[in-house]
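Close look at the chain arrangement
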Amino acid sequence: MRLRYSFRLYPSAGQRSALARAFGCARVVFNDALRVREEARAAGLPFVTSAELSKRLTAAKRTPERAWLGEVSAVVLQQSLRDLDTAYRNFFDGLKGKRPRMGAPRYKTKRDTRQSIRFTANAAWRITPGGKLRLPKIGDVKVKWSRTLPSVPSTVTVIKDSAGRYFASFVVETGPEEPLPQTTPEVGIDLGLGHFAVLSDGTKIDSPRFLRRAEKRLRKAQRELSRKQKGSKNRDKARTKVARAHAKVADARREFHHQLSTQLIRENQAIAVEDLAVKGLARTRLAKSVHDAGWSAFVSMLEYKAARYGRTFIRIGRFEPTSRVCSVCGVKDGPKPLHVRTWTCSACGAVLDRDINAAVNVAQAAGLAVSACGAQVRPGPVPAPRSEAGTHQELPTASPQWEQIGIPGL
């Protein structure tokens, strides 16, 4: 299994200048190579190979116009050419139907607030005994280590994000971790907006709504940015302030996803989720709330953590009518508007919570042996046959079921 471990970097002023130089050189090499291929395509010439681009790069470093490319590590420049190859490969694979369609490679701009460079093993980078990251032609950069790497990394990518923060992303080859102890519970998950997740055992996890809670602060920062003169230093400072506010929201959402996914993996042997059409929902009036929830990132975390720790992860089709079928008798009761949160089955009379019923149906569609705990809000009266006459015995009233809100410890 290939994993990424990201750590915060704190470069000095001189190291930030060296990194900016490396970012710029990698961008120029990418654009030069893309221009060569585009000119060849326009002239009807064959596709320029990576080996030819590498030769042209070596020759360009000997010219006065591109002599400054020698001030950065050659590995960074070669990896920029590899990134161009990857962009073309993804574009052609999309045309062939091997992956979702992507646009053709585009030129990079220095106005892009996110920059990155990559060092492979032959770049002679290493971690010093003092815990710093030694990068060629940059120096020993201070790293905030939050955990230990499980094995020797193969590559490291230095990233500068929109908020002006620097990160080192290590690629580590590792086998699956020791499987977690076997456990009994198997759970289906219904993702939503009112509650972030509803489990088939009746547990409801509230949606933190990080973006909604930060909207007031974000609006104020955005207004301050709009009042600054374009091209001024103050505008750049205001842009960084807006980016940091958004980064804070994204970090809080990612932390919530990690904590919740880890707890679900530890407590359940099998997990089933529904394959949601997030792109379609993001084009509706609920777009902001859908993006704020971050369902795709959460499901991806569940998937790779299940594979890593020996759990079963099942994704059912998005066209399963989980909200229309009664989880008690299996009768399809038709579509229901979003404002209907509780409904009564017309066949068996069970009064069902919409979200818990959907979570139970997700688990049943995945073939999991789940209990219907929490699926039925309260037992409803079963309609008597028309031929039956006389008085009817009252059904015994079940004890109320407790509903767990949230997850303790998160």
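This text gives an overview of the structure that appears in the document. (Residues numbered from 1 in each chain as written. Predicted model: local features only at pLDDT ≥ 70, side-chain atom pairs only at ≥ 80, totals over all residues. Heavy atoms only, no water.)

A short note on a nonpolar patch on the surface
A grouping of F47, F92 and L95 is seen on the molecular surface, where their side chains present a nonpolar patch of about 280 Å² in accessible area. Along the polypeptide, F92 turns up in helix 3 (residues 74-96). (Patch = residues over 30% accessible without salt bridge, like charges linked within 9 Å, V, L, I, M, F, W, Y side chains within 5 Å. Areas by Shrake-Rupley, 256 points an atom, 1.4 Å probe, with all protein chains shown as cover. Salt bridge = Lys/Arg side-chain N within 4 Å of Asp/Glu carboxyl O. Helix = DSSP H or I, 4+ residues; strand = E, 2+ residues; numbered from the N terminus.)

Quick notes on the pattern of salt bridges
If the charged atoms of two oppositely charged side chains come close together, the side chains can form a pair. Going through the model one piece at a time under the given rule, you end up with 22 salt bridges. Measuring nitrogen to oxygen at the nearest pair gives 2.9 Å for the salt bridge that ties R37 to D85. Here R37, found in helix 1 (residues 13-42), pairs with D85, found in helix 3; they are 48 residues apart in sequence, far enough to count as distant. For R37, a relative accessible area of 4% gives the class buried. Using a relative accessible area of 13% as the deciding quantity, one classes D85 as buried. Among the ionic pairs, D140 bridges to R134, the shortest N-O distance being 2.7 Å. Owing to a relative accessible area of 29%, D140 belongs among the partly exposed residues under this scheme. Here R134 falls in the partly exposed class, since its relative accessible area comes to 32%. Where salt bridges share partners, they join D161, R165, D251 and R254 into one cluster. (Buried < 20%, exposed > 50% of the residue type's maximum accessible area, 1.4 Å probe, protein only.)

What to know about the sheet that holds strand 9 (residues 195-199)
Within the open sheet, the five strands sit side by side as 10-9-8-11-12. Their pairing is mixed. The open sheet has two free edges, formed respectively by strand 10 (204-206) and strand 12 (312-316), since each of these has just one partner strand. For this sheet the average axis-to-axis angle between neighbouring strands, irrespective of direction, equals 20°. Taken together, the four bridges between strand 8 (residues 186-191) and strand 11 (residues 270-274) define a ladder with parallel strand orientation. Residue pairing in the sheet places I189 in a bridge with V273 of strand 11. Sheet strands in contact with helix 9 (residues 295-308) are strand 8, strand 9, strand 11 and strand 12, and its direction is about 140° off that of strand 12. Those strands touched by helix 10 (residues 354-365) are strand 8, strand 9, strand 10, strand 11 and strand 12, and its axis lies near 130° from that of strand 8. (Pairing = 2+ DSSP bridges. Axes fitted to C-alpha atoms, helices over the stretch in contact; angles between N-to-C directions. Contact = heavy atoms within 4.5 Å.)

Side note on the side chain of T128
Here T128 lies in the loop between strand 3 (126-127) and strand 4 (133-135). With relative accessibility at 9%, the residue T128 sits in the buried group. In contact with T128, not counting residues within four places along its chain, are R134 and D140.

Quick word on the packing of aromatic side chains
For any two aromatic rings, the description comes down to two numbers: the centre-to-centre distance and the angle of the planes. Throughout the structure, instances matching the rule amount to eleven aromatic pairs. Ring centres 6.4 Å apart and planes at 70° place the aromatic pair F47 and F92 in the edge-to-face group. With F47 in the loop between helix 1 and helix 2 (50-60) and F92 in helix 3, the pair connects residues that are 45 residues apart, well separated along the chain. We classify F47 as partly exposed; its relative accessible area is 47%. For F92, a relative accessible area of 35% translates into the label partly exposed. What links up through ring pairs into an aromatic cluster is the set F7, W125, W145 and F170. Note that K108 overlies the ring of F30, its terminal NZ or CZ placed 4.5 Å from the centroid. (Phe/Tyr/Trp six-rings, centres within 6.5 Å; stacked < 30°, edge-to-face > 60°. Lys NZ or Arg CZ within 6 Å of the ring centre and 35° of its normal.)

Remarks on a positive patch on the surface
Together, K216, R219, K220, R223 and R227 line one region of the surface with positive charge. Within the secondary structure layout, R223 lies in helix 5 (residues 215-226). Residue R223 is classed as partly exposed on the basis of its relative accessible area, which comes to 42%. (Lys, Arg positive; Asp, Glu negative; His and termini not counted. Charge placed at Lys NZ, Arg CZ, Asp CG, Glu CD.)

Considering unusual backbone geometry
One non-glycine residue, A124, lies in positive phi territory at about 65°. Of note, A124 is situated in the loop between strand 2 (115-119) and strand 3.

What to know about the environment of G175
With respect to the helices and strands, the residue G175 is situated in the loop between strand 7 (166-173) and strand 8. Its relative accessible area of 39% is what places G175 among the partly exposed residues. Taking the C-alpha atoms as reference, G175 lies 8.1 Å from R308; in sequence the two are 133 residues apart.

Description of the sheet that holds strand 2
Pairing is antiparallel across the open sheet formed by seven strands, whose spatial order is 2-6-7-1-5-4-3. Each having just a single partner strand, strand 2 and strand 3 make up the two edges of the open sheet. Across three bridges, the pairing between strand 1 (residues 2-10) and strand 5 (residues 139-144) is antiparallel. By the bridge assignment, Y10 is partnered in strand 5 with K142.

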